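Take a look at the letters that make up each chain.
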Amino acid sequence: MIAIVDYGIGNLHSVFKALERLKAKPRITDNQKEIKKAKGVVLPGVGSFGRAMEQLEKKELITPLLEAAEKGIPFLGMCLGLQLMFEKSQETTGTKGLALFQGEVRKLPPTNKIPHMGWNRTHFLRSSTLTSDIPTGSFFYFAHSYYVVPKEEHDVVIGICNYNVTIPVIINRDYLWGLQFHPEKSSHWGMKFLENWVEVTKK
Amino acid sequence: MLAKRIIPCLDVREGRVVKGIHFENIKDVGNPVELAKKYEEEAADELVFLDITASYEKRETMVEVAEKVAAELTLPFTVGGGINTADHVTNLLKAGADKVSINTAAVLSPTLVTELADKFGSQCIVVAIDVKKTWDRITRRSYWEVFINGGKTPTGKDVLQWASQVEKLGAGEILLTSMDTDGTQGGYDLSLTRKIAERVSIPVIASGGAGRLEHLAAVLREGKADAALVASIFHYGQFTIRQAKEFLHKRGIPVRMDD
């Protein structure tokens, strides 16, 4: 079973349906026990950094999420979910993130239209399990106003895209993955991404 | 580089996709899920579903449509039409919609836009603006007036001010429809689109008037739109989305091609 973490906000139905199509047995849940015994954890999200962390705290989900990550259960943060895996965000100063990655979340520079909305090319900096069989330079769907700036950039950034600023969009260390784009909304290459991740959860 | 988006718009009435001219003379053009799937195969970038009856009949049937579409599609889509409460938005997003578009309710209670943007994030909130060129008898000049209730009610608002205001209120995108060009297939209103696109720093989707592929190129280039909404020319099979994208690609406009 793959746990899709439900913390009261966010579009969970599409992620659920996408995983179901990949025959992955997803379950939308806010239950600590279910998260603990899951073969994979998906942290989706829309909305603001502060509100999301507040909801996770209220539902007492922070500890189970950190434990899942610690145990090496494949963990996938998507869009805001990726941002929550960092230490802090300019969106809500004073709120602590999950800090699974070092670094912070910053506002996109105002030289372009914000939100960064639509399909952009993603370039892979090196090969990785999740990008296998996907050509570098493929388009993925984005909808965000903030972006992650990892401290240990060279170690964790797998993919980038350009929007006047270079945005790290695929982050990975061990069994932790974060995607700034929405794989469940990115047509066939997005589905391939999810399929590759589902394969990891079976191991 | 961020691709310019081609967004088929499906006007939905009683669960069926329809198309009208100048918001009237409605014709049936198909089933939402079937059309959505066809467009996804053709590499549409996004879809918009507008419930064209909801504004005045206050129906909330679109949640069902959103659920069915989300179950079959791996494309982002927006739902609009008659949305006026945070609960309604929650239901649509939970059903799988990525964004909602607010039109009449944004004009009647602008704070709703801010409330929704705070709750769900600006990227979920599209403000749709229907505009018609109007002669102001007092100032003796014409201006682009904002209309609500599916184009039936004039508001006296100038679109230039309104566009800036919705940006400040927290909208993540503007869906701009020219009622003068909508359904005519005579081309988008380029000067209106350009004025708004240059004025705000959120993306602008141009709508109303696509008839030939040149119109798409013009609104994305001269009109400076970030995306073009299209309906008739694709529903009736005059052109496919793929043909449109090849046409734009050849003219150096960045679009997402199948690759």
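Look up a bit, the structure's there.
Residues numbered from 1 in each chain as written. Chains lettered and ligands numbered in written order. Predicted model: local features only at pLDDT ≥ 70, side-chain atom pairs only at ≥ 80, totals over all residues. Heavy atoms only, no water.

1. A short note on the overall build of chain B
Part 1: Broken down by element type, chain B carries eleven helices and twelve strands.
Part 2: Taken over C-alpha atoms, the radius of gyration comes to 17 Å for chain B, in line with the 18 Å a tight globule of 259 residues would show.
Part 3: Overall size of chain B, expressed as C-alpha extent along the three principal axes, is 50 × 40 × 40 Å.
Part 4: Relative to its 259 residues, chain B shows a buried fraction of 61%.
Part 5: Pairs at least 24 residues apart make up 64% of the contacts formed inside chain B by residues separated by at least 6 positions.
Part 6: With 33 positive and 36 negative side-chain charges, chain B shows a spacing of 6 Å between the two charge centroids. (Helix = DSSP H or I, 4+ residues; strand = E, 2+ residues; numbered from the N terminus. Rg over C-alpha atoms; globule rule 2.2 N^0.38 Å. Buried < 20%, exposed > 50% of the residue type's maximum accessible area, 1.4 Å probe, protein only. Contact = heavy atoms within 4.5 Å. Lys, Arg positive; Asp, Glu negative; His and termini not counted. Charge placed at Lys NZ, Arg CZ, Asp CG, Glu CD.)

2. Here we look at helix H11 (residues 241-250) of chain B
Residues and elements named next belong to chain B.
Part 1: Listed as buried for H11 are Ile241, Ala244, Lys245, Phe247 and Leu248. The arc that holds every buried residue of H11, seen down its axis, measures 160°, which confines them to one face.
Part 2: Looking one or two places after H11, you find Gly252, whose phi comes out positive at around 80°. (Arc of directions from axis to C-beta.)

3. Some remarks on the packing of aromatic side chains
Residues and elements named next belong to chain A.
Part 1: Summed over all chains, the structure comprises eight aromatic pairs over all chains.
Part 2: Look at Trp119 and Tyr141: their rings are 5.9 Å apart centre to centre, the planes differ by 65°, and that puts the pair in the edge-to-face class. Linking Trp119 in strand E7 (residues 116-124) with Tyr141 in strand E8 (residues 138-144), this pair joins segments that are 22 residues apart in sequence.
Part 3: For Tyr141, a relative accessible area of 2% translates into the label buried.
Part 4: Seen in terms of ring centroids, Tyr175 and Trp177 are 6.2 Å apart; in terms of plane orientation they differ by 80°. Their pairing is edge-to-face. (Phe/Tyr/Trp six-rings, centres within 6.5 Å; stacked < 30°, edge-to-face > 60°.)

4. Observations concerning the sheet that holds strand E3 (residues 40-43) of chain A
Residues and elements named next belong to chain A.
Part 1: Pairing within the open sheet is mixed, and its nine strands lie in the order E2-E1-E3-E4-E12-E11-E10-E7-E8. On the outer flanks of this sheet lie strand E2 (26-29) and E8, each paired with one strand and no other. Recorded for the sheet is a direction-independent mean angle of 25° between the axes of neighbouring strands.
Part 2: Of the pairings in the sheet, the one linking E7 to E8 comprises seven bridges and is antiparallel in character. Bridge pairing in E8 places His116 opposite His144. (Pairing = 2+ DSSP bridges. Axes fitted to C-alpha atoms, helices over the stretch in contact; angles between N-to-C directions.)

5. A short note on the sheet that holds strand E5 (residues 88-89) of chain A
All names here are of chain A.
Part 1: Pairing is mixed across the open sheet formed by three strands, whose spatial order is E5-E6-E9. Both edges of this open sheet fall to E5 and strand E9 (146-150), since each of them pairs with a single strand only.
Part 2: Of the pairings in the sheet, the one linking strand E6 (residues 103-107) to E9 comprises five bridges and is antiparallel in character. In the strand pairing of E9, Glu104 is matched with Val149.

6. Some details on the interface of chain B and chain A
For interface size, the figure often reported is the accessible area lost on association.
Part 1: Between chain B and chain A, the contact holds 43 residues from the first and 30 residues from the second.
Part 2: At the surface where chain B touches chain A, the tally comes to 15 residue pairs in polar contact (both at pLDDT 80 or more).
Part 3: Put simply, the parts of the chain that give the side of chain B that touches chain A at least two residues each are helix H3 (62-72), helix H4 (86-95) and helix H6 (111-120) of chain B.
Part 4: Among the elements that line the side of chain B that touches chain A, the one with the most residues is H3(B), at four residues.
Part 5: When grouped by side-chain class, the residues that make up the side of chain B that touches chain A number 21 nonpolar, six polar and 16 charged. (Polar contact = N/O pair within 3.5 Å; in protein donor to acceptor, adjacent residues only side chain to side chain. Nonpolar A, V, L, I, M, F, W, Y, C, P; charged D, E, K, R; others polar.)

7. Concerning the pairing of strand E11 (residues 165-173) of chain A
Residue and element names in this part refer to chain A.
Part 1: Judged by how many residues are buried, E11 sits mostly within the fold: seven of nine residues are covered.
Part 2: Pairing analysis gives six bridges linking strand E10 (residues 157-163) to E11, with the strands arranged antiparallel. From the neighbouring strand, Gly159 faces E11, where its bridge partner is Ile170.
Part 3: In this structure, the hairpin formed by E10 and E11 is closed by a connection of one residue, where Asn164 is found at a positive phi of approximately 70°.
Part 4: A loop of two residues connects E11 with strand E12 (residues 176-179), the two strands running antiparallel in sequence, and Asp174 in this loop sits at a positive phi of about 50°.

8. Quick word on the pattern of salt bridges
Part 1: Across all of its chains, the model carries 21 salt bridges over all chains by this definition.
Part 2: Notably, a salt bridge pairs Lys59(A) with Asp30(A), separated by 2.9 Å at the nearest N-O pair. In this pair, Lys59(A) is assigned in the loop between helix H3 (49-58) and helix H4 (62-71) and Asp30(A) in the loop between E2 and helix H2 (32-37), connecting sequence segments 29 residues apart.
Part 3: Lys59(A) gets classed as partly exposed once you look at its relative accessible area, which sits at 28%.
Part 4: Between Lys37(B) and Glu72(B) there is a salt bridge whose closest N-O contact spans 3.0 Å. (Salt bridge = Lys/Arg side-chain N within 4 Å of Asp/Glu carboxyl O.)

9. Here we look at the packing of H4(B) against H6(B)
Describing two packed helices takes the angle between their axes plus the distance from one axis to the other.
All names here are of chain B.
Part 1: Interhelical geometry of H4 versus H6 gives an angle of 40° and a closest axis separation of 10 Å. Here H4 is positioned oblique relative to H6, judged by the angle of their axes. H4 and H6 meet at a crossing whose hand is right-handed. Residues Ala86, Val89, Thr90 and Leu93 of H4 form the contact with H6, whose participating residues are Leu112, Glu115, Leu116, Lys119 and Phe120.
Part 2: When the residues that make up the contact of H4 with H6 are grouped by side-chain class, the tally is six nonpolar, one polar and two charged. (Parallel < 35°, antiparallel > 145°, perpendicular 65-115°, else oblique. Left-handed = near helix turned anticlockwise from the far one by under 90°.)

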